[in-house]
Amino acid sequence: MAIDEAYLLAQLKALLEIDSPTGYTDQVVHYCSQELERLGLKPELTRRGAIRAVRQGSRRKGARAIVAHLDTLGAQVKLVKDTGRLELVPIGHWSARFAEGGRVTLYSEQGSFRGTVLPLKASGHTFNDDVDTLPIGWPNVELRIDAVTQSRAETRAMGIDVGDFVAFDTGAEFLDNGFINSRHLDDKAGVAIALAALESLERENVTTPVDVHFLFTIAEEVGVGAAAIVTSEIASMVTIDNGTTAPGQNSSEFGVTIAMADQAGPFDYHLTKKLVDLCREGDIPFQKDVFRYYRSDSASAIEAGHDVRTALIAFGIDASHGYERIHTHALTSVATLTAAYASSPLEIARDVKEVSGPEGFPSQPTEEASQPDFDPEKIAGAE
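Residues numbered from 1 in each chain as written. Predicted model: local features only at pLDDT ≥ 70, side-chain atom pairs only at ≥ 80, totals over all residues. Heavy atoms only, no water.

Chemist: Describe the overall build of the chain, and please don't skip the residues or the numbers.
Modeler: Secondary structure assignment for the chain yields 10 helices and 18 strands. Over its C-alpha trace the chain gives a radius of gyration of 23 Å, about what one expects of a compact globule, namely 21 Å for 383 residues. For the C-alpha atoms alone, the extent of the chain along its principal axes is close to 75 × 65 × 40 Å. Counting over 383 residues, the chain shows a buried share of 53%. Accessible surface computed for the chain: about 18,300 Å², of which carbon and sulfur atoms make up 48%. The averaged location of the 56 negative side-chain charges in the chain is 5 Å from the averaged location of its 35 positive side-chain charges. (Helix = DSSP H or I, 4+ residues; strand = E, 2+ residues; numbered from the N terminus. Rg over C-alpha atoms; globule rule 2.2 N^0.38 Å. Buried < 20%, exposed > 50% of the residue type's maximum accessible area, 1.4 Å probe, protein only. Areas by Shrake-Rupley, 256 points an atom, 1.4 Å probe, with all protein chains shown as cover. Lys, Arg positive; Asp, Glu negative; His and termini not counted. Charge placed at Lys NZ, Arg CZ, Asp CG, Glu CD.)

In structure tokens:
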């Protein structure tokens with residue numbers, strides 16, 4: 001199925017323009033819900049705003065889920081200081097070194113304010129070399145509000161208080177060569193991929209063997225993710241998120257990165273193999289990777305007690321949770337695989353039932369691999 005790249009990029013641009021740090025996601029939930037309705041689905045929202053939209057297939061049970069998260073990193077006000085400036089704590093796990101210099105919007109009960117996150121010693125004219133020796137950490141940065149205030153009382157009088165949400169500008173830049181630089185590509189790009197895969201299924205009127213649940217979570221960055229959005233009909237779940245391109249990793253900014261394991265353990269063998277096979281059959285470029293310091297919506301679903309097969313397909317991202325960069329090639333590749341997975345045949349028939357007997361339960365290969373015959377002359381030649 002052909003992915004509409006222009007649609008995918010348009011959705012990514014629109015999503016990046018909507019602030020959605022974990023805990024302040026209502027606006028992006030409304031946007032995503034409206035787009036799902038425009039594509040012909042009827043979104044259902046949990047009490048807190050996670051979205052489920054079911055695209056009906058030939059069978060209700062044994063459904064497949066495709067999940068991405070709408071929430072991003074951000075910060076909250078920890079303390080209003082005597083100077084009127086604000087101490088921050090992070091939302092999600094990210095270093096303050098990437099917050100320094102960030103332009104932000106603060107959301108208070110009285111309205112929004114603009115500002116800049118600065119190190120405590122921000123002026124070389126005042127602190128000389130101390131600006132280079134200040135330790136990195138959230139206690140060593142502060143938010144300067146673009147408003148007339150020089151005291152705690154003046155800041156509080158404007159309605160700014162502890163717990164207010166702080167959203168960081170993305171600085172998004174889409175280059176003609178396909179590279180995209182922006183904060184919060186994790187996981188706005190994953191949401192755009194899921195929408196583009198759905199758009200292709202609808203445009204080509206594809207019939208799927210089972211229902212496909214498109215899930216959009218709102219608290220993945222704080223570890224909750226898909227804990228409360230998975231229903232009993234779902235047998236397998238594919239998460240779309242970022243794959244870190246860095247020394248020691250096998251991920252790439254091109255093609256699909258298929259995760260074999262993360263810090264929560266191995267992903268489902270059979271579901272992961274199916275995704276690999278779909279890449280090979282469809283000539284979708286891919287590579288495999290293992291992530292040691294990473295978890296996703298899949299982990300939160302399993303930890304919540306959901307008995308589903310899980311897998312993770314990723315778009316390679318450089319400098320994840322920092323100044324992120326991706327390439328359009330990875331986005332379209334992952335979207336192509338997502339659509340192929342949604343429409344692929346059902347291979348483990350017993351998965352339509354939550355519990356059944358051992359008949360039809362799959363087996364992992366254990367036979368010895370074939371090897372070339374031993375040739376001592378080749379060994380001698382190598383020496």
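Read on, since the account is not over.
Chemist: Account for the packing of aromatic side chains, with residues named and values stated.
Modeler: Counted under the stated rule, the structure contains seven aromatic pairs. Here Tyr-24 and Tyr-107 contribute two aromatic rings whose centre-to-centre distance is 4.7 Å and whose plane-to-plane angle is 25°, an arrangement assigned as stacked. Pair noted here: Tyr-24 is in the loop between helix 1 (5-16) and helix 2 (26-38) and Tyr-107 is in strand 6 (residues 103-108), with a separation of 83 residues, a long-range link. For Tyr-24, a relative accessible area of 34% translates into the label partly exposed. (Phe/Tyr/Trp six-rings, centres within 6.5 Å; stacked < 30°, edge-to-face > 60°.)

Chemist: Describe the pattern of salt bridges, and please don't skip the residues or the numbers.
Modeler: If you walk through the whole model with that rule in mind, you get 19 salt bridges. A salt bridge links Glu-202 to Arg-55; the nearest nitrogen and oxygen atoms lie 2.4 Å apart. In this pair, Glu-202 sits in helix 6 (residues 185-203) while Arg-55 sits in strand 2 (residues 51-55), placing the two residues 147 residues apart along the sequence. Overall, Arg-55 belongs to the buried group, its relative accessible area being 7%. Of the charged contacts in the structure, one is a salt bridge between Asp-169 and Arg-114, with a shortest N-O distance of 2.6 Å. Of this pair, Asp-169 sits in the loop between strand 9 (165-168) and strand 10 (173-174) while Arg-114 is found in strand 7 (residues 111-119), placing the two residues 55 residues apart along the sequence. Residue class for Arg-114 comes out partly exposed when judged on its relative accessible area of 33%. Among the ionic contacts, a cluster of salt bridges with common partners joins Lys-81, Arg-85 and Glu-142. (Salt bridge = Lys/Arg side-chain N within 4 Å of Asp/Glu carboxyl O.)

Chemist: Help me get a handle on the nonpolar core, residues and values and all.
Modeler: In terms of nonpolar packing, the biggest core is built from 59 residues, with Phe-216, Phe-315 and Leu-331 touching the most fellow members. Tallying contributions element by element places helix 6 first for this core, with 11 residues. Counting residues in each nonpolar core, the second largest holds 20 residues, with Val-80, Trp-94, Ala-99 and Phe-168 among its members. (Core = buried A, V, L, I, M, F, W, Y, C linked by side-chain atoms within 4.5 Å.)

Chemist: How would you sum up the side chain of Lys-81? Please name residues and give values.
Modeler: Position of Lys-81 among the secondary structure elements: in the loop between strand 4 (74-80) and strand 5 (86-91). Leave out the neighbours within four places in its chain, and Lys-81 touches Leu-86, Glu-87, Leu-120, Val-141, Glu-142, Ser-151 and Arg-152. (Contact = heavy atoms within 4.5 Å.)

Chemist: Describe the packing of helix 6 against helix 9 (residues 328-343), listing the residues and the values that go with them.
Modeler: Where helix 6 contacts helix 9, the axes come no closer than 8 Å and their chain directions differ by 50°. With respect to helix 9, the axis of helix 6 lies oblique. The element helix 6 and its partner helix 9 pack so that their crossing is right-handed. Along its contact with helix 6, which presents Ala-189, Ile-193, Ala-196, Ala-197, Ser-200 and Leu-201, the element helix 9 presents Leu-331, Val-334, Ala-335, Thr-338, Ala-339 and Ala-342. Looking at the contact of helix 6 with helix 9 residue by residue, the class counts come to 10 nonpolar, two polar and no charged. (Axes fitted to C-alpha atoms, helices over the stretch in contact; angles between N-to-C directions. Parallel < 35°, antiparallel > 145°, perpendicular 65-115°, else oblique. Left-handed = near helix turned anticlockwise from the far one by under 90°. Nonpolar A, V, L, I, M, F, W, Y, C, P; charged D, E, K, R; others polar.)

Chemist: Outline the pairing of strand 11 (residues 179-182), supporting the account with residue identities and numerical values.
Modeler: Summarising the sheet, strand 10 and strand 11 pair through two bridges and their orientation is antiparallel. Residue Phe-174 lies in a different strand from strand 11, and its bridge partner there is Ile-180. Pairing of strand 11 with strand 18 (residues 324-327) involves four bridges; the strand directions are antiparallel. Looking at strand 18, one finds that Asn-181 is bridged to Arg-325. (Pairing = 2+ DSSP bridges.)

Chemist: Hey, could you go over unusual backbone geometry for me, with residue numbers and the actual values?
Modeler: With an omega of 5°, the peptide bond running from Asp-186 to Asp-187 counts as cis. Secondary-structure assignment places Asp-187 in helix 6. Although it is not a glycine, Asn-128 sits at a positive phi angle of roughly 55°. Phi at Asn-205 takes a positive value of approximately 50°, unusual for a residue other than glycine. Relative to the assigned elements, Asn-205 resides in the loop between helix 6 and strand 12 (212-217).

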